[in-house]
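Here is how the chains run, residue by residue.
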Amino acid sequence: MEATGTDEVEKIKSKFMSAWHNMKYSWVLKTKTYFSRNSPVFLLGKCYHFKTDESGELSTDGSNFDKINTEISGNVEEFRKDFISRIWLTYREEFPQIKGSALTTDCGWGCTLRTGQMLLAQGLMLHFLGRAWVWPDALDIDNSDSESWTAHTVKKLTASFEASLTAEREPKILSNHHQGTVKRNYDDNEKRNEVYHRKIISWFGDSPLTAFGLHQLIEYGKKSGKIAGDWYGPAVVAHILRKAVEEARDPELQGVTVYVAQDCTVYSSDVIDRQCSFMDSGKADTKAVIILVPVRLGGERTNMDYLEFVKGILSLEYCVGIIGGKPKQSYYFAGFQDDSLIYMDPHYCQSFVDVSIKDFPLESFHCPSPKKMSFKKMDPSCTIGFYCRTVQDFEKASEEITKMLKSSSKEKYPLFTFVKGHSRDYDFASSPLHEENNLFSEDEKKRLKRISTEEFVLL
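The rules we used
- Residues numbered from 1 in each chain as written.
- Predicted model: local features only at pLDDT ≥ 70, side-chain atom pairs only at ≥ 80, totals over all residues.
- Heavy atoms only, no water.
- UniProt positions renumbered as here; feature names shortened; annotations may be inferred.
- Helix = DSSP H or I, 4+ residues; strand = E, 2+ residues; numbered from the N terminus.
- Buried < 20%, exposed > 50% of the residue type's maximum accessible area, 1.4 Å probe, protein only.
- Contact = heavy atoms within 4.5 Å.
- Areas by Shrake-Rupley, 256 points an atom, 1.4 Å probe, with all protein chains shown as cover.
- Axes fitted to C-alpha atoms, helices over the stretch in contact; angles between N-to-C directions.
- Parallel < 35°, antiparallel > 145°, perpendicular 65-115°, else oblique.
- Left-handed = near helix turned anticlockwise from the far one by under 90°.
- Nonpolar A, V, L, I, M, F, W, Y, C, P; charged D, E, K, R; others polar.
- Core = buried A, V, L, I, M, F, W, Y, C linked by side-chain atoms within 4.5 Å.
- Pairing = 2+ DSSP bridges.
- Phe/Tyr/Trp six-rings, centres within 6.5 Å; stacked < 30°, edge-to-face > 60°.
- Polar contact = N/O pair within 3.5 Å; in protein donor to acceptor, adjacent residues only side chain to side chain.
- Salt bridge = Lys/Arg side-chain N within 4 Å of Asp/Glu carboxyl O.
- Expected span 1.5 Å × (residues − 1).

The name that an unreviewed UniProt entry assigns to the protein is Cysteine protease, with the source organism given as Rissa tridactyla. What UniProt records for the protein under Catalytic activity (unreviewed entry) is the sentence "[protein]-C-terminal L-amino acid-glycyl-phosphatidylethanolamide + H2O = [protein]-C-terminal L-amino acid-glycine + a 1,2-diacyl-sn-glycero-3-phosphoethanolamine". Looking at the protein in UniProt, the text filed under Function (unreviewed entry) is "Cysteine protease that plays a key role in autophagy by mediating both proteolytic activation and delipidation of ATG8 family proteins."

The following block contains the structure:
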């Protein structure tokens, strides 16, 4: 009886914590982000120009489109549609209990796992949909007044309290934002794309059986000493994502692999070995690879000398973003304008969505508005991601990025390097590609332990 009472207290506490985080971060969705008319905007390799004869700033929420000529307005619309089409993964609550804990929400501790999910999701979108794809319904979800998000949070706080008192599992509250988009007719190609759009999101659903859901990522994190409720750094998340992709059993995912750079070095032969490994079907074929490079952009603070390199990386269409943030908060960086980075913020607690049901709502997986942050506020610890479909694509990317590293680095050594050969040729532990019994090798465990003590604390 005492245990039951303790569980109820934990549930009430969890509900209030979720509501508190919504109140705390509601400004993220409430505030407008302004972009200069006179500088190009880059989003994961695509460039958008808002230039007009007038100086000043414009908002991306559509509030002042009437002041812009038709040509420029169209370009802003294209940018908004492209941004909203990226997959947004945030804190969730009331999902199935995480194994080995009483947690049914990741509010307050899961932000780096969420930004890691967003980076992996972008890699999968490039693989299955291509960079040119945009969600046809993207602009439909942005018509609601941003004030409603804050109002919804207040209602949710009250509803959570009432539900706790009446022992209801789910607060009865309706959000205008999640009522769904207007049904439209799709042609065959759009239908195919929409199937993959939904499938990719479903792989990140918050249930124990989804390939890249929070539950699975936490299980892989246990191998590096992490448990649910712990803080995760960008480098640790990179290794967790690699393991998650290796262990994924969906046939659609057998054509993708993940490589994590070792000590800021990408060993070309190790990457190509992964791409040329045998598929589960038994025939030889090349795999697409997502390359993750954990780096530090300085000592205690980010070195501004790295700004041009980071901007260069985000200008590449095969870049899948950066897992980073500022101290105590993790963000998913996807673009820039001038010296400000464009990002998606996971710090908004949304309700659990069951992705196993047919036609589950998609709106909460797409961010209605981009946010900007000065590069100098960025924490130096981050993980950079790239996607290469073929071996030839990887070789071309390694050459292009190497030139960029050399030209942008004012230091004696670049941020990271591409080296020919295998890691074992340089007296490193052999590649963990064929490990069977241990998800993390002893060498990886030591490296992860060292990394986790160096990285910033995330909330």
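More follows now that the structure is in view.
(A) Quick look at the overall build of the protein. On a plain count of helices and strands, the protein comes out with 12 helices and 15 strands. In the protein, buried positions account for 56% of the 459 residues. Sequence-distant contacts, at least 24 apart, represent 76% of the contacts inside the protein between residues at least 6 apart. Counting only carbon and sulfur atoms, one obtains 51% of the accessible surface of the protein, whose full area is about 20,600 Å².

(B) The arrangement of the packing of helix 7 (residues 214-221) against helix 8 (residues 234-247) in detail. As a packed pair, helix 7 and helix 8 sit with axes 9 Å apart at the nearest point and diverge in direction by 110 degrees. Judged on the interaxial angle alone, helix 8 and helix 7 are roughly perpendicular. The crossing of helix 7 and helix 8 is right-handed. In contact with Leu-217, Tyr-220 and Gly-221 of helix 7, helix 8 contributes Ile-240, Leu-241, Lys-243, Ala-244 and Glu-247. For the contact of helix 7 with helix 8, the class distribution of residues is five nonpolar, one polar and two charged.

(C) Highlighting the nonpolar core. Grouped together as the largest cluster of nonpolar side chains are 71 residues, with contacts concentrated most on Leu-113, Leu-124, Ile-200, Trp-203, Phe-204 and Phe-212. Considering every element that reaches this core, the biggest residue donor is helix 4 (residues 111-128), with nine residues. Apart from residues lying up to four places away in sequence, Phe-204 is in contact with Leu-89, Gln-117, Leu-120, Ala-121, Leu-124, Phe-212 and Gly-213. Formed by 42 residues, the second largest nonpolar core is a distinct cluster that contains Val-295, Met-373, Cys-382 and Leu-415.

(D) Layout of the pairing of strand 9 (residues 319-326). Taking burial as the measure, the eight residues of strand 9 include seven buried ones, the bulk of the element. Where strand 9 lies against strand 14 (residues 381-388), four bridges are found, and the strand directions are antiparallel. Note that in strand 14 the partner of Ile-322 across the bridge is Ile-384. Sheet analysis places strand 9 next to strand 10 (residues 329-337), joined by five bridges and oriented antiparallel.

(E) Representation of the environment of Phe-79 within the structure. Along the polypeptide, Phe-79 turns up in helix 3 (residues 70-85). What makes Phe-79 buried here is its relative accessible area of 0%. Remark: the alpha-carbon pair of Phe-79 and Lys-46, spanning 33 residues in sequence, is separated by 8.9 Å.

(F) Examining the packing of aromatic side chains more closely. Across all of its chains, the model carries 19 aromatic pairs by this definition. Between the aromatic rings of Phe-42 and Phe-336, the centroid separation amounts to 4.9 Å while the plane-to-plane angle is 10 degrees, which identifies the pairing as stacked. Taken together, the residues Phe-42 in strand 2 (residues 41-43) and Phe-336 in strand 10 connect sequence positions 294 residues apart. Ring plane angle 75 degrees and centroid distance 6.1 Å describe the contact between Phe-333 and Tyr-343, whose orientation is recorded as edge-to-face.

(G) Focus on the side chain of Ser-36. Structurally, the position occupied by Ser-36 is in strand 1 (residues 34-36). Of note is the side chain of Ser-36, whose polar atom sits 3.1 Å from the backbone nitrogen of Asn-38.

(H) Region of interest: the pattern of salt bridges. Evaluation of the coordinates by the stated rule reveals 13 salt bridges. Salt bridges linked by common partners bring Arg-242, Lys-243, Glu-246 and Arg-274 together as one network.

(I) Region of interest: helix 6 (residues 188-202). For helix 6, with 15 residues, the first-to-last C-alpha span of 21 Å sits near the 21 Å given by 1.5 Å per residue. Among all positions of helix 6, only Asn-193, Glu-194, Tyr-196, His-197, Ile-200, Ile-201 and Ser-202 are buried. Where helix 6 is buried, its residues contact helix 4.

(J) Highlighting the packing of helix 10 (residues 307-314) against helix 11 (residues 391-408). Closest axis-to-axis distance for the helix 10/helix 11 pair is 9 Å, and the angle between their directions is 160 degrees. Relative to helix 11, the element helix 10 lies roughly antiparallel. Of the two elements, helix 10 crosses helix 11, and the hand of that crossing is right-handed. Only Ile-401, Met-404, Leu-405 and Ser-408 of helix 11 make contact with helix 10, whose side of the interface consists of Phe-309, Gly-312 and Ile-313. A per-class count over the contact of helix 10 with helix 11 returns five nonpolar, two polar and no charged.

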